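Summary of the model geometry
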Amino acid sequence: MRLAILLPWLAFLLQACVGGPAATDQQTVLISGANRGIGLEFARQFAARGWRVIGTARDPAAAAELSALAAADPDVSVEPLDVTDVGAIDALAARLHGRPIDLLLLNAALGPTPQSAMLPLAKLDFELARLSFETNALGPLRLTRALMDNVTASTRRQIVAIGTDSGSFGATSKAPILYHYKASKTALHMYMLTLSFEAPARGVTVAILHPGLVGTNEQLARFPGAMKTPDSVAGMMQVIEGLTPADNGRFLDWRGESMPW
Ligand SMILES: NC(=O)c1ccc[n+]([C@@H]2O[C@H](COP(=O)([O-])OP(=O)(O)OC[C@H]3O[C@@H](n4cnc5c(N)ncnc54)[C@H](OP(=O)(O)O)[C@@H]3O)[C@@H](O)[C@H]2O)c1
C-alpha cells in the first residue's frame with residue numbers, strides 16, 4: 001500500500017532528474033547551405049518533425065525563407081557560414097562548442113551553372129576548378145573536423161554528405177561535361193569513405209546520399225524526370241531515419257538503394 005503511494009512520486013522525481021522524455025528526445029541537425037534548394041527543404045522537414053535545426057547560410061541577411069522559418073520556430077536558428085572560409089568554420093565551431101550535433105548534414109555545394117556545365121577541355125576555367133574543390137570537397141571535410149566533437153557528444157552520431165551520381169565512376173553520364181563538379185564530388189565521396197574507416201572508433205556513422213535529379217532551379221526542373229525538392233528530401237529523410245552503424249561508409253540514393261562508387 002505504502003509503495004503504491006510512493007511510486008508516482010518516484011516516477012516524477014526520476015523524470016525531473018533526467019529532464020523528461022521531450023527534452024531528452026529532441027535531436028539536433030546542422031545543415032550547411034540551408035538557405036535554398038535541398039538544404040532549405042531539409043530545414044523545413046526536420047523542423048516539422050520537431051528537430052532542433054541549425055541552418056547555415058553564406059549570407060543570413062539574404063536568407064529570407066530560412067529566416068522566416070527561424071522566426072516561426074524557436075528550435076530553428078541561422079548561422080553564417082561560407083565553407084571555403086577556414087576562419088568562419090572555426091568561428092562556428094567556437095560558437096557551437098559543447099553543443100551535441102546528432103546529424104551533420106553536409107549539403108552546401110557549388111553546382112554547375114548553365115555557363116560552366118557544358119564547357120569542354122579547351123574552355124575549362126581552372127579558377128572554377130579550385131573553387132569547386134574548396135566548396136565541394138575541402139569545405140565539408142574541414143567542417144566535419146571542426147564539428148567532430150559535437151557529433152561525438154550526441155546521441156545519434158551521424159554524418160551525412162550529399163553526394164551525386166555525377167561523382168560516381170559507375171553512374172556518371174559519359175558526356176564530356178561538368179568536369180569540375182564531377183571531380184570535386186568524387187573527391188567528397190572518397191573523403192567520406194576514408195573518414196568512415198576511423199569514424200566507428202568514435203561511435204560515428206558516415207554515409208553519402210545521392211538525392212536524385214531534383215528541380216531546385218529552373219534549368220534542372222526542365223529535365224525530364226526531375227523530382228520535386230520536397231519528394232527527394234522526404235525520401236532522404238526516410239533513409240537517414242533508418243541509418244544504423246551497419247550503414248557506415250555506404251553510398252545510397254534517396255530511395256535507400258546502393259549507388260556504385
Ligand atoms: N539538385 C540536384 O539535382 C542534385 C543532384 C545531385 C546532387 N545534388 C547535391 O545536393 C546538394 C544541394 O543541391 P541543390 O540543388 O539544393 O543546390 P543549390 O540550390 O545550388 O544550393 C546550394 C547551396 O549551397 C550553398 N553554397 C554554395 N557555395 C557555398 C559555400 N562556399 N559556402 C556555404 N554554402 C555554399 C548555396 O548558398 P548560396 O545561396 O549562398 O549560393 C546554397 O545554399 C548539393 O550538394 C548538390 O551537389 C543536387
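As a starting point, this report considers the structure included with it. Because the structure is a prediction, the values reported are computed rather than measured.

Thresholds applied
- Residues numbered from 1 in each chain as written.
- Predicted model: local features only at pLDDT ≥ 70, side-chain atom pairs only at ≥ 80, totals over all residues.
- Helix = DSSP H or I, 4+ residues; strand = E, 2+ residues; numbered from the N terminus.
- Buried ≥ 20, exposed ≤ 12 C-beta atoms within 10 Å, placed from the backbone.
- Contact = placed C-beta atoms within 7 Å.
- Core = buried A, V, L, I, M, F, W, Y, C linked by C-beta atoms within 7 Å.
- Arc of directions from axis to C-beta.
- Axes fitted to C-alpha atoms, helices over the stretch in contact; angles between N-to-C directions.
- Parallel < 35°, antiparallel > 145°, perpendicular 65-115°, else oblique.
- Left-handed = near helix turned anticlockwise from the far one by under 90°.
- Nonpolar A, V, L, I, M, F, W, Y, C, P; charged D, E, K, R; others polar.
- Expected span 1.5 Å × (residues − 1).
- Pairing = 2+ DSSP bridges.
- Right-handed = clockwise from strand over helix to strand, strands pointing away.
- Near = placed C-beta within 6 Å.

Helices and strands together make up the secondary structure of the chain, namely nine helices and seven strands. By principal-axis analysis of the C-alpha atoms, the chain measures approximately 85 × 40 × 35 Å. Per-residue burial for the chain yields a buried fraction of 37% across its 261 residues. A separation threshold of at least 6 residues defines the contact pool for the chain, and within that pool the share at least 24 residues apart is 65%.

This paragraph deals with the nonpolar core. Ala43, Leu66, Leu104, Leu105 and Val160 are the most contacted members of the largest nonpolar core, which has 57 residues in total. No other element matches the five residues that helix α3 (residues 37-48) contributes to this core. What Val160 contacts, discounting residues up to four positions off in sequence, is Leu103, Leu105, Leu106, Ala207, Leu209 and Ile240.

What follows covers helix α4 (residues 64-72). When α4 is considered as a whole, its buried residues turn out to be Leu66, Leu69 and Ala70. The arc enclosing the buried residues of α4, seen along the axis, measures out at 95°, which places them on a common side. Structural note: α4 exposes Ala64, Ala68, Ala71 and Ala72 on the side pointing more than 90 degrees away from its buried face. Those residues of α4 hidden inside the fold are in contact with α3, β2 (52-57) and β3 (76-80).

This part covers the packing of helix α5 (residues 86-95) against helix α6 (residues 126-152). Taken N-terminus to C-terminus, the directions of α5 and α6 make an angle of 25°; their axes are 9 Å apart at the nearest point. As far as their axial angle goes, α6 and α5 are roughly parallel. Regarding α5 and α6, the two cross each other, and that crossing is right-handed. Contacts between α5 and α6 involve Val86, Ile89, Asp90 and Ala93 from the former and Arg142, Leu143, Ala146 and Leu147 from the latter. A class-by-class count of the residues in the contact of α5 with α6 yields six nonpolar, no polar and two charged.

Here we take up helix α7 (residues 179-198). If you check α7, its first and last C-alpha atoms are 30 Å apart, about what 20 residues at 1.5 Å a residue would give, namely 28 Å. Within the span of α7, buried status applies to His180, Tyr181, Lys182, Ser184, Lys185, Thr186, Leu188, His189, Tyr191, Met192 and Leu195. Close packing links the buried residues of α7 with α6, β5 (158-162), β6 (205-210) and β7 (250-253).

Attention shifts here to the environment of Pro114. With respect to the secondary-structure elements, Pro114 resides in the loop between β4 (103-106) and α6. Taking the number of C-beta atoms within 10 Å as the measure of exposure, Pro114 has 9 and is therefore exposed. Between the C-alpha atom of Pro114 and that of Gln219, which follows or precedes it by 105 residues, the distance is 7.8 Å.

Locating Leu213 in the fold gives a position in the loop between β6 and α8 (218-221). Placed 130 residues apart in sequence, Leu213 and Val83 show a C-alpha to C-alpha distance of 24 Å.

Attention now goes to the pairing of β4. Alternating positions in β4 separate into two faces, Leu103 and Leu105 on one and Leu104 and Leu106 on the other, with burial throughout. The sheet contact formed by strand β1 (residues 28-31) and β4 spans three bridges and is parallel. Residue Val29 lies in a different strand from β4, and its bridge partner there is Leu103. Across four bridges, β4 lies against β5 in parallel orientation. Along β5, the bridge assignment pairs Leu104 with Ile159. One crossover worth recording links β4 to the parallel β5 by way of α6, and it is right-handed.

Around the ligand, the surrounding shell holds 27 residues, and the nearest of these are Gly33, Gly37, Ala108, Ala109 and Thr216. The biggest single contributor to the shell around the ligand is α3, with three residues. For the shell around the ligand, the residue count by class is 11 nonpolar, 12 polar and four charged.

This paragraph deals with the sheet that holds β7. By way of backbone hydrogen bonds, the strands of a sheet pair with one another, either parallel or antiparallel. Spatial ordering of the open sheet is given by β3-β2-β1-β4-β5-β6-β7, a layout of seven strands whose pairing is parallel. Each having just a single partner strand, β3 and β7 make up the two edges of the open sheet. Taken over all neighbouring pairs, the strand axes of this sheet differ in orientation by 20° on average, direction set aside. Bridge count between β5 and β6: five bridges; the pairing is parallel. Directly across from Val160, in β6, lies its bridge partner Ala207.

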